[in-house]
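Structure assessment
One-letter residues, chain by chain:
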Amino acid sequence: MKAIVAMDQAAEAAGITLAERPEPTPAINDVVVEVHASGFVPAEWEWPSTWVDRSGHGRAQAIIGHEFAGVVSSLGYGTTGLSLGQRVFGITDWHRDGTLAEYAAVEARNLAPLPGNVDFTVGASLPISGLTAWQGLFQHGRLQAGQSVLAHGAAGAVGSVVTQLARAFGAYVIGTGRVADRQAALDFGANEFLDLDHEDLDDIGGVDLVFDVIGGDIQRRSASIIRPGGTLVSVVGPVEARPVHGLAVDFVVESVPSQLMEIVDRVRDGRLRTHIGTVATLDDAIPALNPTERRKGKTVIRVRP
């Protein structure tokens, strides 16, 4: 089968190639999915699991990509709850071969049914962005109606979902980004927008929750404006700066099928819009995954027409 594999850690995106790999076979409680579309997160180059397995041994030519939508093509021994030919979407285990391939082996417990009226491209764009936003806001951020949320990267793949969900649950949302992102962030539901290049975070006054997708100096400045009892939620690794009178949480997103179903239901009825940017075929994936300029939104690779 065709697959996109990582060849050189130092080269990052420049070191990937389209290669032929054996089709996977399902282990116990696995399914093999015929992949129709796969999302991609550029930060994957920074994840240790891209380059080493759970025992710390190097992974040779790992297939990249970890979110997808497709059709169940075979069932492993003991697998229950899914059937051949069923449309599904979800996240693969970080240490296993991924989804930028014609087929992927996935633990059945990581999958949710994909409704027939949701396109595979849309389905593939949802798992990591949607679950990251959901878990960051509600599990780790404990968001309550009436609170204020500072959503960094509010026009991005994750930030746009953060903005929409926070507004839907009754929060006041201040989106951030570059000046060119202002209208998109407002269209996704931000009550106001802050241009990080030209405006000062201190002018906001104070917020109850910061959802950080940037880190570094932006994270440190954001921590200082969190109100007592508030929370800094980070998805960019261990928190470098903590609120004086609040909590700081960093987390790795988990595949939770019930949450995936809640998210896709919101897409179906129009309460949630996914932000898809670049869409390319598997044959043309290399330049799409190694762009020469900044890309907006989620990159999705269509593996099948």
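It should be noted that the structure appears before, not after, this text.
Remember, it's a predicted structure, so these values are computed and weren't measured experimentally.

**What to know about the pairing of strand β10 (residues 172-177)**
Burial analysis of β10 places five of its six residues in the buried class, the great majority of the element. Sheet topology note: the strand β9 (residues 148-151)/β10 ladder contains four bridges and is parallel. Bridged to V149 within β10 is V173. Examined bridge by bridge, β10 and strand β11 (residues 192-195) share four bridges and lie parallel to one another. Directly across from G175, in β11, lies its bridge partner F193. Traced from β10 through helix α4 (residues 182-187) to β11, the parallel crossover comes out right-handed.

**Some remarks on the sheet that holds strand β4 (residues 62-63)**
Ordered by their spatial adjacency, three strands build an open sheet running β2-β1-β4, and the pairing between neighbours is antiparallel. Of all the strands in the sheet, the pair left with one neighbour each is β2 (16-20) and β4.

**Examining the environment of V35**
The residue V35 is located in strand β3 (residues 30-40) in this model. On a C-alpha basis, the gap between V35 and A241 in space is 40 Å, while along the polypeptide they are 206 residues apart. Residues in contact with V35, not counting those within four places in the same chain, are F68, A69, G70, T99, A101, E102, Y103, A104, V303 and R304.

**A look at helix α5 (residues 216-223)**
Taken together, the buried positions of α5 are occupied by I218, Q219, S222 and A223. Summarising the axial view, the buried residues of α5 lie within an arc of 130°, below the 170-degree limit, and thus occupy one face. The secondary structure elements touched by the buried residues of α5 are β9, β12 (207-212) and β13 (226-234).

**As for the side chain of R21**
Residue position: R21 is located in the loop between β2 and β3. Looking at R21, its side chain comes within polar contact range of the side chain of D97, at 3.2 Å. In this view, R21 contacts M1, A3, V5, Q61, I63 and D97; residues no more than four positions away in its chain are not counted.

**Quick notes on the packing of helix α2 (residues 127-140) against helix α6 (residues 257-268)**
Contact geometry for α2 and α6: axes closest at 10 Å, N-to-C directions at 110°. Taken together, the axis directions place α2 and α6 in an arrangement best described as roughly perpendicular. In this structure, α2 contributes P127, G130, L131, W134, Q135 and Q139 to the contact, and α6 contributes Q259, L260, E262, I263 and R266. Looking at the contact of α2 with α6 residue by residue, the class counts come to five nonpolar, four polar and two charged.

**Remarks on the packing of α2 against helix α3 (residues 157-168)**
Where α2 meets α3, the closest approach of the two axes is 8 Å, and the angle between their N-to-C directions is 50°. With respect to each other, α2 and α3 are oriented oblique. As for how α2 packs across α3, the hand of that crossing is right-handed. Contacts between α2 and α3 pair S129, G130, T132, A133, W134, L137 and F138 from the former with A157, V158, V161, V162, L165 and A166 from the latter.

**Topic: α2**
Among the 14 residues of α2, 12 are classified as buried, and the element is accordingly described as predominantly covered. Within α2, the full set of buried residues consists of P127, I128, S129, G130, L131, T132, A133, W134, Q135, G136, L137 and F138.

**Quick notes on the pattern of salt bridges**
Throughout the structure, instances matching the rule amount to 17 salt bridges. Measuring nitrogen to oxygen at the nearest pair gives 3.0 Å for the salt bridge that ties D283 to K2. Within this pair, whereas D283 is found in the loop between β15 (276-281) and α7 (285-289), its partner K2 is found in strand β1 (residues 2-6), the two being separated by 281 residues in sequence. The partly exposed category is assigned to D283, whose relative accessible area is 48%. Among the ionic pairs, R227 bridges to D208, the shortest N-O distance being 3.3 Å. Of this pair, R227 sits in strand β13 while D208 is found in strand β12, placing the two residues 19 residues apart along the sequence. A single network of salt bridges, built from pairs that share partners, joins R21, R59 and D97.

**Here's the deal with the environment of A184**
Structurally, A184 can be placed in helix α4. Note: C-alpha distance between A184 and H140 (44 residues apart in sequence) is 26 Å.

About the criteria used
- Residues numbered from 1 in each chain as written.
- Predicted model: local features only at pLDDT ≥ 70, side-chain atom pairs only at ≥ 80, totals over all residues.
- Heavy atoms only, no water.
- Buried < 20%, exposed > 50% of the residue type's maximum accessible area, 1.4 Å probe, protein only.
- Helix = DSSP H or I, 4+ residues; strand = E, 2+ residues; numbered from the N terminus.
- Pairing = 2+ DSSP bridges.
- Right-handed = clockwise from strand over helix to strand, strands pointing away.
- Contact = heavy atoms within 4.5 Å.
- Arc of directions from axis to C-beta.
- Polar contact = N/O pair within 3.5 Å; in protein donor to acceptor, adjacent residues only side chain to side chain.
- Axes fitted to C-alpha atoms, helices over the stretch in contact; angles between N-to-C directions.
- Parallel < 35°, antiparallel > 145°, perpendicular 65-115°, else oblique.
- Nonpolar A, V, L, I, M, F, W, Y, C, P; charged D, E, K, R; others polar.
- Left-handed = near helix turned anticlockwise from the far one by under 90°.
- Salt bridge = Lys/Arg side-chain N within 4 Å of Asp/Glu carboxyl O.

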